[in-house]
Every structure is written in structure tokens, then in C-alpha cells.
Amino acid sequence: MTSPLQQHRPGLFLAFEGGDGAGKSTQAALLAEALAAQGRTVLRTREPGGTPIGEKLRSLVLDHGHGTIDARCEALIFAAARAAHGDQVIAPALARGDVVLTDRYIDSSVAYQGVGRGLGAERISALNEWATGGLWPDLTIVLDVDPEEGRVRRTAGDAAEDRLESEPDEFHLSIRAAFLDAAAAHPGRYLVLNARLSIQELAAQILDRVRMLLP
Ligand code: TYD
């Protein structure tokens, strides 16, 4: 795996990861706001999605009603969406010197498809290394959430669950462990925070760490 900091790109690439209902979007929005207030150009994006083809692939893989999508097909759809996202959106923004903030990235595939679906973390990591040409984040922020609590949070207000969210608790437990394993393997490139901290406390800790990475 190429060390992202060795790529000498002018921008900063940050990914938010965590189980469903961890509060990633809230924290991504707060960080984007704080960085913009400091005069940074921030590009906020999400996966699957971020490009026209990616949004189409998103609805194919997340919506119910497309018939059986087996694990390998699912992994390849996420990787295909990511290839477009990296080439069309993330790499150009980093080359311009922007801060790119993505809601989910490769670690979601490693956790959900590699571990949750049992395809193998290393295999999925290698597939995505190829799909993105080795475009890894400078920092991944993992919001660690207990799956049961995540389910309560995300179904508040009766939000319907997508194909992945509606998997049983054991699936979500294995995903939680996978994010923590990824962080433990490369501690310098991860910030793991307990999603139960208050919104303000999480935002402050994230901003502190990100500031250290900004030129
Ligand atoms: P997300 O956008 O976080 O869902 P929402 O905004 O509706 O809460 O993610 C959609 C789902 O896709 C989520 O359950 C995780 C899953 N996913 C994968 O299984 N693999 C991947 O590579 C990605 C990016 C997401």
C-alpha cells in the first residue's frame, strides 16, 4: 500500500467511516463548516456515489428490488463506483489543493464486503487499491458505534433501512470489529472515536487532529 503522505499531493484527503447510524454525516458537515470558516476549500462527497455513474450504482446496490446481488457482484459495484469517484472527483480536487472529505471509502468495502460478506479483507483491499490506483486517505476518522445503538439511531423517525442496513446484528458486529482492526493496523492514519460522545466533543477532537495535518 502506497503511503498517502508519500504522494506529495497538495490537498488533504479525509474519510469518515463507521457503522450505520454512527453520525458520520453530522460530523462531516461540522468539519466542512469549520474548515471553510478558516478559508479552506472543502469538497464534501460520499460513497457509494459522488459521480453520475456512482449515484446510479448506489441505487442499484442499496435499493431493494434488483433481485439477488451476490457478494462478489456487490463488491465490484462498490469498487466500480469508487474508481469513478477517485478519478473524476477526489484526485482532481486533491491536485487543486482542496480538503476532500468523504463519507465512507475503501474501509467500508473491506468491512462490509471483505468481512461482513466473508470475501476476505485483504482481497477487497487489493481490489480497491487497483480500482483507485492506490488513492488512500491521509486520515480516516472511525466513529465507533455499538450496532444496536446504531440501529436505534438510524431508524429514529422510521427511516427505511437499505439492503445493507437491514442485515442482522451479527453482520454489523463483524463490521464494527473490521473498522477497529483496520485502525489498529495503521494507527497513525486513523482517529477512532466513541460515537456516544456529544456532537460538540466529537467535532472538537476531529478538528484538533485534522489541524495537525494541515499545512
Ligand atoms: P451510507 O451512505 O452511509 O447510508 P445512509 O446515508 O443511507 O445511511 O451507506 C450506504 C450503505 O452501503 C451502508 O450500509 C454501508 C454500505 N457500503 C458497503 O457495504 N460497502 C461500501 O464500500 C460502501 C461505500 C458502503
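Preceding block: the structure.
About the criteria used
- Residues numbered from 1 in each chain as written.
- Predicted model: local features only at pLDDT ≥ 70, side-chain atom pairs only at ≥ 80, totals over all residues.
- Heavy atoms only, no water.
- Helix = DSSP H or I, 4+ residues; strand = E, 2+ residues; numbered from the N terminus.
- Rg over C-alpha atoms; globule rule 2.2 N^0.38 Å.
- Buried < 20%, exposed > 50% of the residue type's maximum accessible area, 1.4 Å probe, protein only.
- Areas by Shrake-Rupley, 256 points an atom, 1.4 Å probe, with all protein chains shown as cover.
- Lys, Arg positive; Asp, Glu negative; His and termini not counted.
- Charge placed at Lys NZ, Arg CZ, Asp CG, Glu CD.
- Core = buried A, V, L, I, M, F, W, Y, C linked by side-chain atoms within 4.5 Å.
- Contact = heavy atoms within 4.5 Å.
- Pairing = 2+ DSSP bridges.
- Axes fitted to C-alpha atoms, helices over the stretch in contact; angles between N-to-C directions.

Draft legend 1. Looking closely at the overall build of the protein chain. Scanning the protein chain for helices and strands turns up eight helices and five strands. Seen in sequence order, the protein chain has helices and strands lined up from the N terminus as β-α-β-α-α-β-α-α-β-α-α-β-α. Taking 17 Å as the expected radius of gyration for a compact globule of 215 residues, we find that the protein chain reaches 16 Å, a close match to that expectation. Considered along the principal axes of its C-alpha atoms, the protein chain spans approximately 45 × 35 × 30 Å. In the protein chain, which comprises 215 residues, the share counted as buried stands at 49%. With the model as given, the accessible surface of the protein chain reaches about 10000 Å², and the carbon-plus-sulfur share is 54%. Distance from the positive charge centre (22 side chains) to the negative charge centre (29 side chains) of the protein chain: 4 Å.

Draft legend 2. A look at the nonpolar core. The biggest cluster of nonpolar side chains holds 22 residues, and the ones touching the most others in it are Leu31, Leu143, Ile206 and Val210. Looking at this core, the elements that each hand over two or more residues are β1 (12–18), α1 (24–37), β3 (99–103), β4 (139–144), β5 (190–194) and α8 (199–213). Every residue in contact with Leu31, bar those within four places of it in the chain, is listed here: Leu14, Phe16, Leu101, Ile206, Leu207 and Val210. By size, the runner-up hydrophobic cluster in this structure holds 17 residues, among which are Leu62, Phe78, Tyr112 and Phe171.

Draft legend 3. Region of interest: unusual backbone geometry. The omega angle of the peptide bond from Glu47 to Pro48 is -10 degrees, so this bond is cis rather than trans. Within the fold, Pro48 resides in the loop between β2 (42–46) and α2 (52–62). Phi is positive for Arg104, close to 80 degrees, though the residue is something other than glycine. Mapped onto the elements of the fold, Arg104 is located in the loop between β3 and α4 (106–116).

Draft legend 4. Fine view of the sheet that holds β5. Spatially, five strands are ordered β2-β3-β1-β4-β5 in an open sheet, and the strand pairing comes out parallel. The open sheet has two edge strands with one neighbour each: β2 and β5. Put simply, the sheet's adjacent strands are angled 20 degrees from each other on average, direction ignored. Across five bridges, the pairing between β1 and β4 is parallel. Within the sheet, the bridge partner assigned to Gly18 lies in β4 and is Leu143. Against the sheet, α4 touches β1, β4 and β5, its axis set at about 25 degrees to β1. Along the sheet face, helix α7 (residues 169–185) touches β1, β4 and β5 and points at about 140 degrees away from the line of β5.

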